[in-house]
Each structure stands twice: as structure tokens, then as C-alpha cells.
Amino acid sequence: MNHVTETADRILDMAKESKHGRHAELLVHEGPLRQALLALTEGTELEEHNSPPAASLYLLQGAVRVTGDGTTDIAAGELHTLTHRRHSVTALADSVFLLTTITSIPGQGSHDTEPVD
């Protein structure tokens, strides 16, 4: 079992030490379900990328901006469904979020996306 808050604090420290300003750890990998914690330092961007068939972002701490069809700012404690189109994520402050994805849906193919380190 993972203690999410402790893991969040640890990976944010690792992101601060990383030259890329980010760190991620996969917590759950069960069939098509993936849950990962991602930490981004302020100003770090996950460049535009494809979205899996289904995804949500729960922000534990900080603030992020998701840009795709439009722009959505997400604050700590908020849970959002992510767009099904290409999008980017930018940290407006040092941030940690839980990314939940479904990488395949029967009859719709598969997107095997892993967190970026």
C-alpha cells in the first residue's frame, strides 16, 4: 500500500532536484488502469501530448494549468476530467497531482501511456 501524502512530499523533493523539474511514480498498474503521482516544480511544463481514452487529474498541492481545447486552471483539492484531445500541463506553483488513466477501452484500442520522469 502507498501512503499518498508521504509519496507526494518525496517526489516533489525529487522534482526539485531534477534538472527537468519533474518526477513521477506509478502507484497502480492493474489491467488498463494506471494511477501515478506526478510532481512538477513551478514553471515546468509537460509539453503537448496525446490523452488516453479516459483520464482524471486530482491536484494534491499547488496549482496547474491544462491547455488543450481551452485553458483550465486547477487548484489544490480539485478533481478534473482531462480532455480526450492533445493537451499540455504547466505548473503554476510547485505541484503534485494524482493522474488516473484508463489506457484501453474494449473496441477502442489501446494507449499505453506511462508517466514521464
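Residues numbered from 1 in each chain as written. Predicted model: local features only at pLDDT ≥ 70, side-chain atom pairs only at ≥ 80, totals over all residues. Heavy atoms only, no water.

Draft legend 1. Spatial organisation of the overall build of the protein chain. When its secondary structure is counted, the protein chain shows one helix and nine strands. Helices and strands appear in the protein chain in the N-to-C order α-β-β-β-β-β-β-β-β-β. Buried residues in the protein chain amount to 36% of all 117 residues. When contacts within the protein chain are restricted to residue pairs at least 6 apart in sequence, long-range pairs at least 24 apart make up 65% of them. (Helix = DSSP H or I, 4+ residues; strand = E, 2+ residues; numbered from the N terminus. Buried < 20%, exposed > 50% of the residue type's maximum accessible area, 1.4 Å probe, protein only. Contact = heavy atoms within 4.5 Å.)

Draft legend 2. Local environment of the pattern of salt bridges. Evaluated as defined, the whole model comprises five salt bridges. The residue Arg86 makes a salt bridge to Glu48 at a minimum N-O spacing of 3.0 Å. Highlighted residues: Arg86 in the loop between strand S7 (79-81) and strand S8 (87-91) and Glu48 in strand S3 (residues 45-49), separated in sequence by 38 residues. Here Arg86 falls in the partly exposed class, since its relative accessible area comes to 40%. Asp69 serves as the salt-bridge partner of Arg85, at 3.7 Å between the closest nitrogen and oxygen. Separated by 16 residues along the polypeptide, Arg85 in the loop between S7 and S8 and Asp69 in the loop between strand S5 (63-67) and strand S6 (71-75) bring together distant segments of the chain. Per residue, the accessibility class of Arg85 equals that of Asp69, and both read exposed. (Salt bridge = Lys/Arg side-chain N within 4 Å of Asp/Glu carboxyl O.)

Draft legend 3. View of the sheet that holds strand S1 (residues 22-30). Taken together, five strands build an open sheet; the order of strands is S1-S2-S9-S4-S7 and the sheet is antiparallel. The sheet terminates laterally at S1 and S7, the two strands that pair on one side only. On average, each strand axis in the sheet is inclined to that of its neighbour by 20 degrees, with strand direction left out of account. Pairing geometry for strand S4 (residues 54-61) and S7, over three bridges, is antiparallel. Pairing of Leu57 across the sheet is with His80, part of S7. (Pairing = 2+ DSSP bridges. Axes fitted to C-alpha atoms, helices over the stretch in contact; angles between N-to-C directions.)

Draft legend 4. Geometry of the pairing of S8. Judged by how many residues are buried, S8 sits mostly within the fold: four of five residues are covered. The pairing of S3 with S8 spans three bridges and is antiparallel. Within the sheet, the bridge partner assigned to His49 lies in S8 and is His87. Direction of pairing for S5 relative to S8: antiparallel, over a ladder of four bridges. Bridging from a neighbouring strand, Val64 pairs with Ala91 of S8.

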